[in-house]
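Each chain, written out:
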There are 2 protein chains.
Amino acid sequence: MKFCSQCSQPISHKIPDGDNRLRFVCDHCDLIHYQNPRVIAGCLPVFGERVLLCRRAIEPRMGYWTLPAGFLENGETTSDGALRETREEANANARIIELYTLFSLPHISQVYMFFRAELLDLNFSAGEESLEVELFSEQDIPWDNLAFPAINKTLKHFFDDQKRGAYPVRYADLVYPARI
Amino acid sequence: MKFCSQCSQPISHKIPDGDNRLRFVCDHCDLIHYQNPRVIAGCLPVFGERVLLCRRAIEPRMGYWTLPAGFLENGETTSDGALRETREEANANARIIELYTLFSLPHISQVYMFFRAELLDLNFSAGEESLEVELFSEQDIPWDNLAFPAINKTLKHFFDDQKRGAYPVRYADLVYPARI
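Attention in this report is confined to the structure presented alongside it. Treat the numbers as computed from the prediction; the structure is a model and nothing was measured.

Cut-off values and rules
- Residues numbered from 1 in each chain as written.
- Chains lettered and ligands numbered in written order.
- Predicted model: local features only at pLDDT ≥ 70, side-chain atom pairs only at ≥ 80, totals over all residues.
- Heavy atoms only, no water.
- Helix = DSSP H or I, 4+ residues; strand = E, 2+ residues; numbered from the N terminus.
- Buried < 20%, exposed > 50% of the residue type's maximum accessible area, 1.4 Å probe, protein only.
- Contact = heavy atoms within 4.5 Å.
- Areas by Shrake-Rupley, 256 points an atom, 1.4 Å probe, with all protein chains shown as cover.
- Least-squares fit on C-alpha atoms with pLDDT ≥ 70 in both.
- Buried area = accessible area lost by both parts, 1.4 Å probe.
- Salt bridge = Lys/Arg side-chain N within 4 Å of Asp/Glu carboxyl O.
- Core = buried A, V, L, I, M, F, W, Y, C linked by side-chain atoms within 4.5 Å.
- Pairing = 2+ DSSP bridges.
- Expected span 1.5 Å × (residues − 1).
- Polar contact = N/O pair within 3.5 Å; in protein donor to acceptor, adjacent residues only side chain to side chain.

1. Observations concerning the overall build of chain A
1) Next: From N to C terminus, chain A includes 2 helices and 11 strands.
2) Next: Put simply, chain A runs from its N terminus to its C terminus through helices and strands in the order β-β-β-β-β-β-β-α-β-β-β-α-β.
3) Next: Principal-axis analysis of the C-alpha atoms places the extent of chain A at approximately 60 × 30 × 30 Å.
4) Next: Counting across all 180 residues of chain A, residues that qualify as buried make up 48%.
5) Next: Look at the contacts in chain A between residues 6 or more apart in sequence, and 60% of them connect residues 24 or more apart.
6) Next: As displayed, chain A offers around 8400 Å² of accessible surface, 46% of which is attributable to carbon and sulfur atoms.

This is the structure we're talking about:
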């Protein structure tokens, strides 16, 4: 960030009066350009005992398997965002059951949220951001080829919880040194 | 948003190629300026049977009672953000127990998250954004003077759940026509 989006003048990286963090501040009009974490909303689409995964057609982690998820948009509820991503990435019709997992990833300033969802039919297919879309039983999950730790944890919780028939909401901080 | 923060040239509001939503796009360098919902993280600080509320010293809803909460910062976990806001608004020392309520407010593009927390001592006081800070029993809660619906719902759930001794995570969409 180099210029003010309101007045086009150069901005500085400094701590504004009354604040205690570095912000992007316009030296001309004093506007503070806050930057905040983004929410990623997704579904764990379940059909019987199987779950729907998408193989990523885009970076990061192209070629690896993931749950349908993406950045929440302005004006959208988190559950609507999760269903939209499920339509976009898997052309899949699903119904939200309940919030299931929530992860903070502070090193990349992201908050992940997954909803358990019922896959309503088998008319799914790869969307533009997916190479393929497939249903997996627990024993067939490509555990070594999952895209992100949040996916791994959500699936592990799910198959454990499925045996008990209870799905409490799980919250965890996923703090990693650098990559994802 | 009027100018590109990377190159200072004017931006247009249009649907980029391959997208389906209006975005702020620089006509000069093609940078897309995404805007996404923000997360508000807060605590429900509990001391015995009482909960800690802050009376707001700032707009919106100045003079009304709220739970300590505020915008999550980059690089922060949601639970750390909740504890930071509790320190800033109430000078209070608390310990996170568990995620408790989560609300989507799509009309203002916000996602609220409250954590149940144990208030560790009685050394609290009004921070800069609070007029006063006080512990309330259920019968003393100023129900008609709470700042936001998310506060009302979190407190109602809590006092119900306290009687049962179980605190499942609650998710709801709070969709209102205009204000809050």
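Now, onward.
2. Thoughts on unusual backbone geometry
What you tend to see is this: most non-glycine residues have negative phi, and most peptide bonds are trans.
Residues and elements named next belong to chain A.
1) Next: Cis geometry marks the peptide bond from glutamate 59 to proline 60; its omega dihedral reads -5°.
2) Next: On the secondary structure map, proline 60 appears in the loop between β5 (50–56) and β6 (65–66).
3) Next: In this model, arginine 61 sits at a positive phi of 65°, which is unusual for a non-glycine residue.
4) Next: The residue arginine 61 is located in the loop between β5 and β6 in this model.

3. Overview of the relation of the copies chain A and chain B
1) Next: When chain A is fitted to chain B, the best match, at an RMSD of 0.0 Å, comes from turning it 180° and sliding it 0.0 Å along the axis. Such values leave the two copies arranged in the relation of a two-fold axis.
2) Next: Taken together, the interface assignments show that 100% of the residues at the interface of chain A recur at the interface of chain B, consistent with an identical surface on both copies.

4. A short note on the interface of chain A and chain B
1) Next: Every contact between the two is made by 39 residues of chain A and, on the other side, 39 residues of chain B.
2) Next: Counting each side, the surface lost to burial between chain A and chain B is near 3500 Å², with a carbon and sulfur contribution of 52%.
3) Next: Applying the counting rule to chain A against chain B returns 6 salt bridges.
4) Next: When the shortest N-O distance is used, the salt bridge between Glu76(A) and Arg21(B) registers 3.4 Å.

5. Re the nonpolar core
1) Next: In terms of nonpolar packing, the biggest core is built from 26 residues, with Leu102(A), Val111(A), Met113(A), Leu102(B), Val111(B) and Met113(B) touching the most fellow members.
2) Next: Where this core is concerned, the elements lending two or more residues are β4 (38–47), α1 (78–90), β8 (94–105) and β9 (110–119) of chain A together with β4 (38–47), α1 (78–90), β8 (94–105) and β9 (110–119) of chain B.
3) Next: Residues contacting Val111(B), with those up to four places away along its chain left out, are Val39(A), Leu72(A), Thr78(A), Met113(A), Arg38(B), Val39(B), Ile40(B), Leu102(B), Phe103(B) and Ser104(B).

6. Comments concerning the sheet that holds strand β1 (residues 11–14) of chain B
Residues and elements named next belong to chain B.
1) Next: One open sheet accounts for 3 strands, arranged β1-β2-β3; its pairing is antiparallel. Edge positions in the open sheet fall to β1 and β3 (32–33), since each of these has one partner strand only.
2) Next: Bridge count for β1 against strand β2 (residues 23–26) is 4 bridges, and the pairing is antiparallel. Note that in β2 the partner of isoleucine 11 across the bridge is cysteine 26.

7. Observations concerning the pattern of salt bridges
All names here are of chain A.
1) Next: Scanning the model with the defined rule gives 28 salt bridges over all chains in all.
2) Next: The closest approach of N and O atoms between arginine 84 and glutamate 88, which form a salt bridge, is 3.3 Å. You can see arginine 84 and its partner glutamate 88 sitting in helix α1, 4 residues apart, about one turn around the helix.
3) Next: Classification of arginine 84 by relative accessible area gives buried; the value is 8%.
4) Next: Here glutamate 118 and arginine 95 are joined by a salt bridge, their closest N and O atoms 2.9 Å apart.

8. Observations concerning the sheet that holds strand β3 (residues 32–33) of chain A
1) Next: Taken together, 3 strands build an open sheet; the order of strands is β1-β2-β3 (chain A) and the sheet is antiparallel. With one partner strand each, in any of the chains shown, β1 (11–14) and β3 of chain A form the two edges of the open sheet.

9. Overview of the environment of Cys7(A)
1) Next: Within the secondary structure, Cys7(A) is located in the segment before β1.
2) Next: Setting aside residues no more than four positions away along its own chain, Cys7(A) makes contact with Cys26(A), His28(A), Cys29(A) and Phe3(B).

10. Digging into helix α2 (residues 149–164) of chain B
Quick reminder: α-helices carry 3.6 residues per turn. Residues three or four places apart thus point the same way.
All names here are of chain B.
1) Next: With 16 residues, α2 should cover 22 Å at 1.5 Å per step; its first-to-last C-alpha distance of 23 Å lies within 8% of that length.
2) Next: Listed as buried for α2 are Pro149, Ala150, Ile151, Thr154, Leu155, Phe158, Phe159 and Asp161.
3) Next: Looking at the buried positions of α2, the neighbouring elements they touch are β4, β5 (50–56), β6 (65–66), β8, β9 and β11 (170–173).
4) Next: Among the residues trailing α2, glycine 165 stands out with phi positive, at a value near 75°.

11. Considerations on the side chain of Glu85(B)
Residue and element names in this part refer to chain B.
1) Next: As for its position among the elements, glutamate 85 is in helix α1.
2) Next: The exposure class of glutamate 85 is buried, given its relative accessible area of 6%.
3) Next: Separated by 2.9 Å, the side chains of glutamate 85 and arginine 84 make a polar contact.

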